[in-house]
Amino acid sequence: MTDDGGDRLTTDGRLTTDARWRARARKVIPGGLYGHQNVASLPGGYPQFMSSGLGAHVWDVDGNEYIDLMCSYGPVLLGHRHPRVDAAAARQAAEGDCQNGPSPRIVELAEAMTATVEHADWAIFSKNGTDATTQCVTIARAATGRRKILVATGAYHGALPWCTPGPSGVLPEDRAHLVEFRFNDLSSVEAAMDAAGDDVAGIVVSPIRHDVGVDLELPDPAFAAGLRSLCDRSGAVLILDDVRCGLRLHHGSSWEPIGVEPDLSAWSKAIANGYALGAVLGRDSLADAARSIFTTGSFWFAAVSMAASLATLEVLEEQDTVGRTVKIGTLLRQGLSEQASVRGIDVSLSGPVQMPFMTFAGDQDFALADVFARRAVLGGVYLHPRHNWFVSGAMDEADVDKVLQVTDTAFDDVAAAAS
Ligand code: PMP
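Reference entry: report on the structure contained in this document. (Residues numbered from 1 in each chain as written. Predicted model: local features only at pLDDT ≥ 70, side-chain atom pairs only at ≥ 80, totals over all residues. Heavy atoms only, no water.)

This part takes up the pairing of strand 2 (residues 57-60). Here strand 1 (residues 50-54) pairs with strand 2 via four bridges, running antiparallel. Bridge pairing in strand 2 places serine 52 opposite tryptophan 59. A loop of two residues connects strand 1 with strand 2, the two strands running antiparallel in sequence, and glycine 55 in this loop sits at a positive phi of about 60°. Pairing geometry for strand 2 and strand 3 (residues 65-68), over three bridges, is antiparallel. Within strand 3, the residue paired with valine 58 across the bridge is tyrosine 66. Here strand 2 hands over to strand 3 after four residues, with glycine 63 in that stretch at a positive phi of 85°. (Pairing = 2+ DSSP bridges. Helix = DSSP H or I, 4+ residues; strand = E, 2+ residues; numbered from the N terminus.)

Written out as structure tokens, the structure is:
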């Protein structure tokens, strides 16, 4: 493969398979592709269409292999096609997936998730993170009879009109009852509370600040505890959006290690290791409100992803995936930091080590990040210049060595581009 910065060419000048699929997509899918898979949000030279994955490795439709540092933007935690998860899913698929009623897996999974997550007494399931965050907001409003929802500026909670970052097609009315605060700034939450008066139904917050395109920020424990007491004092519902971090940072809710329990939490991505599943977990005190809302979907009771999730939870517990990804993520961060510093390149490496992100000081419009990412992908390392990366439990020390060999060259490119 060569890098032509746009539709890619093979070494002998023919269009790649990926480029041919892109051309077909442009004719029948608006924009070629949508959302975060929109071609415009990938640096030039990136493959769009993928064919397979195994463990910590993925292959694009041209057969190029990559060490995967994006994990499908979060869902893949144990590695692609994990044998135990896939076997559980296949067993369930052989019995039935989408049926007239749920399979008993839904009860087993509610039992397993409430046993895993401290604040949880009950669970409801859906398909995506947006389903879960939206259900949390609806339950909070049903429970309190209030309207206002406090959200952090720049945070991503999904792609429905109430939360999508794109303004097109969204009415002011859709967002009329959102009040913004700044992550890790308790006084801004107090000000938002004051502005909303006695009408605050809930506060939605992610465990860490992981807005796209900015350095990740860990939570100040005093901020998290402050949110808890503001909710306790006002009767508002504390909603933790654990969609991206859930099960990656802790085998339970991501704020358990800092001792703060939400009333509701939203989950998806990693809970079924790549199978489509969303979940809301909640306290007993909100069970009546959860029962009162009408929420459903044709595919929400499908059993295969639930069987996959049960297997995922078992493997996570047995294999200490959090510990393993922290070890691997630490090696990766140390290596990147050394490579940048020997060249005098000023980088910021942020986030938990298993959800790393790197930015370059003074990098206008991510120009240097794009140079770095493009060289990485050409060398067989799949990462993203603007979105945080993910380390999977399938990645080992040899993979980190290979990643660092490639990033060594990528830093040379950045040094050349910056000079
Ligand atoms: N919340 C957070 C924190 C997320 O990262 C995402 C997805 N990136 C969502 C909600 C929405 O999840 P989904 O794309 O599955 O609807």
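Moving on from the coordinates now.
In a beta sheet, neighbouring strands pair by backbone hydrogen bonds and run either parallel or antiparallel. Strand order in the open sheet made by the seven strands is 4-10-9-8-7-5-6, with mixed pairing throughout. Each edge of the open sheet carries a strand with a single partner, namely strand 4 (122-126) and strand 6 (178-181). With direction set aside, neighbouring strand axes in the sheet form an average angle of 20°. Direction of pairing for strand 8 (residues 237-241) relative to strand 9 (residues 264-267): parallel, over a ladder of three bridges. By the bridge assignment for strand 9, isoleucine 239 is matched with leucine 264. Those strands touched by helix 5 (residues 186-196) are strand 5 (148-152), strand 6 and strand 7 (200-205), and its axis lies near 155° from that of strand 6. (Axes fitted to C-alpha atoms, helices over the stretch in contact; angles between N-to-C directions. Contact = heavy atoms within 4.5 Å.)

In this section: the pattern of salt bridges. All chains considered together, the criterion is met by 18 salt bridges. Ionic pairing is found between arginine 209 and aspartate 211, a salt bridge with its closest N-O pair at 2.9 Å. Taking relative accessible area as the criterion, arginine 209 reaches 24% and is therefore assigned partly exposed. Among the residues examined, aspartate 211 registers a relative accessible area of 8% and is labelled buried. Via salt bridges that share partners, Arg228, Asp232, Asp263 and Arg283 belong to a single interconnected network. (Salt bridge = Lys/Arg side-chain N within 4 Å of Asp/Glu carboxyl O. Buried < 20%, exposed > 50% of the residue type's maximum accessible area, 1.4 Å probe, protein only.)

Asn128, Gly129, Thr130, Tyr156, His157, Gly158, His210, Asp241, Val243, Arg244 and Lys269 make up every residue found near the ligand. The separation between a nitrogen atom of the ligand and a polar side-chain atom of aspartate 241 is 2.7 Å. In the complex, the protein chains occlude 85% of the 390 Å² of accessible area that the ligand would expose alone. Among the residues making up the shell around the ligand, the classes are represented as two nonpolar, six polar and three charged. (Near = heavy atom within 4 Å. Polar contact = N/O pair within 3.5 Å; in protein donor to acceptor, adjacent residues only side chain to side chain. Areas by Shrake-Rupley, 256 points an atom, 1.4 Å probe, with all protein chains shown as cover. Nonpolar A, V, L, I, M, F, W, Y, C, P; charged D, E, K, R; others polar.)

Next up on the list: the nonpolar core. Counting residues in each nonpolar core, the largest one holds 45 residues, and the members touching the most others are Leu69, Phe360, Phe372, Leu383, Trp389, Met395 and Phe411. Of all elements in the fold, only strand 3, helix 9 (321-342), strand 12 (357-360), helix 10 (367-379), strand 13 (381-382) and helix 11 (397-418) reach the threshold of two or more residues within this core. Per-element accounting of this core gives the leading share, seven residues, to helix 11. Per-domain counts for this core show at least three residues from each of domain 1 (53-80 + 320-418) and domain 2 (83-318). Apart from the residues lying within four places of it in its own chain, the contact partners of phenylalanine 411 are Leu336, Gln339, Ala340, Arg343, Ile345, Val347, Met358, Phe360 and Phe372. Ranked by size, the runner-up nonpolar core spans 29 residues in total, among them Met113, Ile271, Val304 and Val315. (Core = buried A, V, L, I, M, F, W, Y, C linked by side-chain atoms within 4.5 Å. Domains from an automatic or database assignment.)

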